[in-house]
Amino acid sequence: MTTSVLLADFQYLTRQGIASLIKAMPGFEVVKMIDTPSNLSNSVQTTSPDLVVIDISDKDRELIPVLKELKKSTSCSFLVISNSQTRESIQQLLAMGIKGILTKNCSEEEIVNALRAVAQGNRFFCNNILDLVVHNPEKEEDCEPTSLSPREYEVLELITKGKTTAQIAEELHLSIHTINSHRKNILRKLNLNSPAELIVYALESGIVRS
């Protein structure tokens, strides 16, 4: 099965390199390449790609609401390549449900691994993104211990690795019903409302490691 990719590069920095990488990857096909932000929504809707690789800089703030709407209205996955070095912008993407985030300094190996992971519905954050979100000395004194059980921590870690409920149940030799109960308890104990908030919490608390 071939993964169709729409490559949206608005900075003219990565298009040819990433396009070449994708074309060299078995099972991947670039179906369209765009360089104008205004074409993003229409291009996604007309091509219905499996994966959208989008280049966003700090100057492209108007793309965030567009990306948010596309995330809600389409079934495709998104891999964001960002030059942003702020926790706020990265957390905004995480809260939106974006599963893959890279920086422009990532190696080819990281890009290839990210493409494969996100195409399979898993999460991938490069080392720079993990360091940016996890390392937050200002919040260390405010962190309070949670009441999660060892099993709940185990489930939480697997969730942040992109595992589905069924995969977690199989790996831990538990029923799907039991895993769903753990997920609900984790959200309740951490006072969170959604899986997206859970990912942000896991990153900030240092549970997710590269």
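**Side note on the overall build of the protein chain**
Within the protein chain one finds 11 helices and 6 strands. Taken across its 210 residues, the protein chain has 46% of its residues classed as buried. Total accessible area computed for the protein chain in this model is approximately 11200 Å², and 46% of it derives from carbon and sulfur atoms.

**Things to note about the sheet that holds strand E1 (residues 3-9)**
The strand order across the open sheet built from 6 strands is E2-E1-E3-E4-E5-E6, with neighbouring strands paired in parallel fashion. Of all the strands in the sheet, just strand E2 (28-34) and strand E6 (124-125) have a single pairing partner and so form its edges. Where strand E5 (residues 100-103) lies against E6, 2 bridges are found, and the strand directions are parallel. Across the sheet, the residue bridging to Gly100 is Phe124, located in E6. Set on the sheet, helix H2 (residues 40-47) makes contact with E1, E2 and strand E3 (51-56); between it and E2 the angle comes to about 145°.

**Quick look at the nonpolar core**
Of all hydrophobic cores here, the largest spans 64 residues; its most connected members are Leu102 and Leu115. The element best represented in this core is helix H5 (residues 108-119), accounting for 6 residues. With near-sequence residues (within four places) excluded, Leu115 lies in contact with Ile22, Met25, Phe28, Leu51, Val53 and Leu79.

**Focus on the pattern of salt bridges**
Scanning all chains against the criterion turns up 3 salt bridges. The residue Lys189 makes a salt bridge to Glu152 at a minimum N-O spacing of 2.9 Å. One end of the pair, Lys189, is in helix H10 (residues 176-189); the other, Glu152, is in helix H8 (residues 150-160), with 37 residues separating them in the sequence. Classification of Lys189 as partly exposed rests on a relative accessible area of 32%. Accessibility expressed as a relative area gives 4% for Glu152, which makes it buried. Two residues, Lys163 and Glu171, come together in a salt bridge whose shortest N-O distance is 3.9 Å.

**Details of the packing of H2 against helix H3 (residues 63-73)**
The interhelical angle for the contact between H2 and H3, taken along N-to-C directions, is 20°, at an axis separation of 10 Å. On the basis of the axis angle, H2 is roughly parallel to H3. As for the relative orientation of H2 and H3, their crossing is right-handed in sense. Within the contact between the two elements, H2 uses Leu40, Ser41 and Val44 and H3 uses Leu63, Val66 and Leu70.

**Some details on the environment of Ser149**
Its place among the elements puts Ser149 in the loop between helix H7 (137-140) and H8. Accessibility expressed as a relative area gives 25% for Ser149, which makes it partly exposed. Remark: the alpha-carbon pair of Ser149 and Ile186, spanning 37 residues in sequence, is separated by 9.1 Å.

**Description of unusual backbone geometry**
Not every positive phi belongs to a glycine, and Ser48 is a case in point at roughly 45°. One can find Ser48 in the loop between H2 and E3. Classification of Ser48 as exposed rests on a relative accessible area of 52%. With a phi close to 60°, His173 is a non-glycine residue in the positive phi region. One can find His173 in the loop between helix H9 (165-172) and H10.

Cut-offs applied
Residues numbered from 1 in each chain as written. Predicted model: local features only at pLDDT ≥ 70, side-chain atom pairs only at ≥ 80, totals over all residues. Heavy atoms only, no water. Helix = DSSP H or I, 4+ residues; strand = E, 2+ residues; numbered from the N terminus. Buried < 20%, exposed > 50% of the residue type's maximum accessible area, 1.4 Å probe, protein only. Areas by Shrake-Rupley, 256 points an atom, 1.4 Å probe, with all protein chains shown as cover. Pairing = 2+ DSSP bridges. Contact = heavy atoms within 4.5 Å. Axes fitted to C-alpha atoms, helices over the stretch in contact; angles between N-to-C directions. Core = buried A, V, L, I, M, F, W, Y, C linked by side-chain atoms within 4.5 Å. Salt bridge = Lys/Arg side-chain N within 4 Å of Asp/Glu carboxyl O. Parallel < 35°, antiparallel > 145°, perpendicular 65-115°, else oblique. Left-handed = near helix turned anticlockwise from the far one by under 90°.

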